[in-house]
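# Structure at a glance
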Amino acid sequence: MQNYSDAYSISQKYDNVKYGFGSKNPEKGKVDCSGWVIYLQNSDMKHINEFLGKEIFTKKDYFNSSIDAASEIIRKSESRSGLLFSGRLSSDNTITKDMLKEGMIIGEDNGDKIWDRGRHKGIDHIVQVVKNPDTGELMISQSHAGHNGGVTLTSVDNYLDGKRKKGTFLYLTDPLYKAREAIEQKINELEENKIENFNTLKNGKEQPQSSVDRLRSLIDGFKNDYDGSFSKQILAEYKDVVDNFKERQQERLEEQLAIQNEQPEIQRDRNFSGRSLG
């Protein structure tokens, strides 16, 4: 699986951060829902630019934690992408699991509150969809108040079930929409290169190939190995070489330890031979 987002790893890194109304920086130990999503979104935009090797998202696309509340994040994303799916989960299935993509955000209207009156669509909370790069499972990352509050990761199923029971009105949109096509093309390109490089190396074991070409194929494969699958293929294909290398390293380590153990004995012999006995 290609990983163009680090939102999941960031969520794990800050899972001990508590909720703090008005707090916008998780590095300071507290963060509210909008501050958390802004932190993830801006990191994603930067990460995607690096992944694609070009600037898709500019500074104008980044959210501003000083002025962008949860409702404003949804409003801006809707305006930029032209996408907004909404519905009350207790009465319809307007928003379903199969609609979600990594990097999408969901605004919540949990009912009338004094402090959220006048906000865009009455949105009072916001979460982001992230993906476990190891399993491919989509999850919900959020910072919420209440019992066991703070930064948490929740399975999509549990999240949607909980909102369905409460009858929460949800608003789904995609701040990363304009990069989706480029991301898909890049992933397909990397997968094709990975297969080609692996086949070249595999065929190279059976057919004559210059050492330079083989090294170039190996380097290209590792450069495009965003998910580690190429490395696993190479280790499996060249298991005998890897095992032999490990044995040689173990032998060298044992030799070095033996030499280190001999040094004190040699030093003591020298010191003793240099002493005067009379």
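Residues numbered from 1 in each chain as written. Predicted model: local features only at pLDDT ≥ 70, side-chain atom pairs only at ≥ 80, totals over all residues. Heavy atoms only, no water.

Moving on, we get to the overall build of the protein. Looking only at helices and strands, the protein has eight helices and eight strands in total. The contacts in the protein between residues at least 6 apart in sequence include a share of 63% that link residues at least 24 apart. (Helix = DSSP H or I, 4+ residues; strand = E, 2+ residues; numbered from the N terminus. Contact = heavy atoms within 4.5 Å.)

Relative to strand 7 (residues 150–155), strand 6 (residues 138–144) runs antiparallel, the two being bridged by six bridges. Along strand 7, the bridge assignment pairs Ile140 with Thr154. In sequence, strand 6 turns back onto strand 7 through a hairpin of five residues, with Gly146 there showing a positive phi of about 90°. (Pairing = 2+ DSSP bridges.)

Our focus in this paragraph is unusual backbone geometry. Positive phi outside glycine occurs at Lys121, with the angle close to 60°. Mapped onto the elements of the fold, Lys121 is located in the loop between strand 4 (105–109) and strand 5 (125–131). For Asn148, which is not glycine, the phi torsion reads 55° and is therefore positive.

If you walk across this open sheet you meet the six strands as 3-8-4-5-6-7, and the pairing is antiparallel. Each edge of the open sheet carries a strand with a single partner, namely strand 3 (85–88) and strand 7. Adjacent strand axes in the sheet meet at a mean angle of 25° when their direction is disregarded. Pairing between strand 4 and strand 5: four bridges, direction antiparallel. Within the sheet, the bridge partner assigned to Ile106 lies in strand 5 and is Val127. (Axes fitted to C-alpha atoms, helices over the stretch in contact; angles between N-to-C directions.)

The volume enclosed by the largest pocket comes to roughly 310 Å³. As for the largest pocket, its lining consists of 14 residues, and the residues nearest its centre are Glu108, Gln142, His144, Lys163 and Lys166. Only strand 6 and helix 4 (156–166) provide two or more residues apiece to the lining of the largest pocket. Looking at the lining of the largest pocket element by element, the count peaks at five residues for helix 4. (1 Å grid on protein atoms, 1.4 Å probe; cavity = no way out; pocket = protein on both sides within 12 Å on 5 of 7 lines; lining within 4 Å. Points joined across faces, edges and corners; volume = space filled by probe spheres on them.)

Take helix 3 (residues 70–81) next. An ideal rise of 1.5 Å per residue puts 16 Å on twelve residues; helix 3 measures up with 17 Å between its terminal C-alpha atoms. Turning to helix 3, its buried residues number three or more, namely Ala70, Ser71, Ile73, Ile74, Lys76, Ser77 and Ser81. Contacts made by the buried residues of helix 3 are with helix 2 (33–52), strand 4, strand 5 and strand 8 (169–173). At the C-terminal side of helix 3, Gly82 shows a positive phi close to 75°. (Expected span 1.5 Å × (residues − 1). Buried < 20%, exposed > 50% of the residue type's maximum accessible area, 1.4 Å probe, protein only.)

It is worth spelling out the side chain of Ser77 at this point. Here Ser77 lies in helix 3. Relative accessible area serves as the criterion here: at 1%, Ser77 is assigned to the buried category. Among residues more than four places away in sequence, those in contact with Ser77 are Gly82, Ile105, Thr173, Asp174 and Pro175.

So, on to the pattern of salt bridges. Within the structure shown, the criterion is met by nine salt bridges. Here Lys24 and Asp32 are joined by a salt bridge, their closest N and O atoms 2.8 Å apart. Look at Lys24 and you get partly exposed, because its relative accessible area is 26%. Asp32 gets classed as buried once you look at its relative accessible area, which sits at 5%. In this structure, Lys131 engages Glu102 in a salt bridge whose closest nitrogen and oxygen atoms are separated by 3.9 Å. Here Lys131 is found in strand 5, whereas its partner Glu102 is found in the loop between strand 3 and strand 4, with 29 residues between them in sequence. Assessed through its relative accessible area of 5%, Glu102 is described here as buried. (Salt bridge = Lys/Arg side-chain N within 4 Å of Asp/Glu carboxyl O.)

The subject of this paragraph is the nonpolar core. Counting residues in hydrophobic clusters, the biggest one holds 23 residues, and the most contacted among them are Ile48, Leu52, Phe57, Ile126 and Ile183. In terms of residues, this core owes the most to one element, helix 2, which gives seven residues. The next biggest cluster of nonpolar side chains, apart from the first, holds 14 residues, and it includes Ile106, Tyr159, Leu170 and Leu172. (Core = buried A, V, L, I, M, F, W, Y, C linked by side-chain atoms within 4.5 Å.)

Moving on: a negative patch on the surface. On the surface, Glu247, Glu251, Glu254 and Glu255 cluster together into a negatively charged patch. Looking at the element boundaries, Glu251 is found in helix 8 (residues 239–273). Taking relative accessible area as the criterion, Glu251 reaches 48% and is therefore assigned partly exposed. (Patch = residues over 30% accessible without salt bridge, like charges linked within 9 Å, V, L, I, M, F, W, Y side chains within 5 Å. Areas by Shrake-Rupley, 256 points an atom, 1.4 Å probe, with all protein chains shown as cover. Lys, Arg positive; Asp, Glu negative; His and termini not counted. Charge placed at Lys NZ, Arg CZ, Asp CG, Glu CD.)

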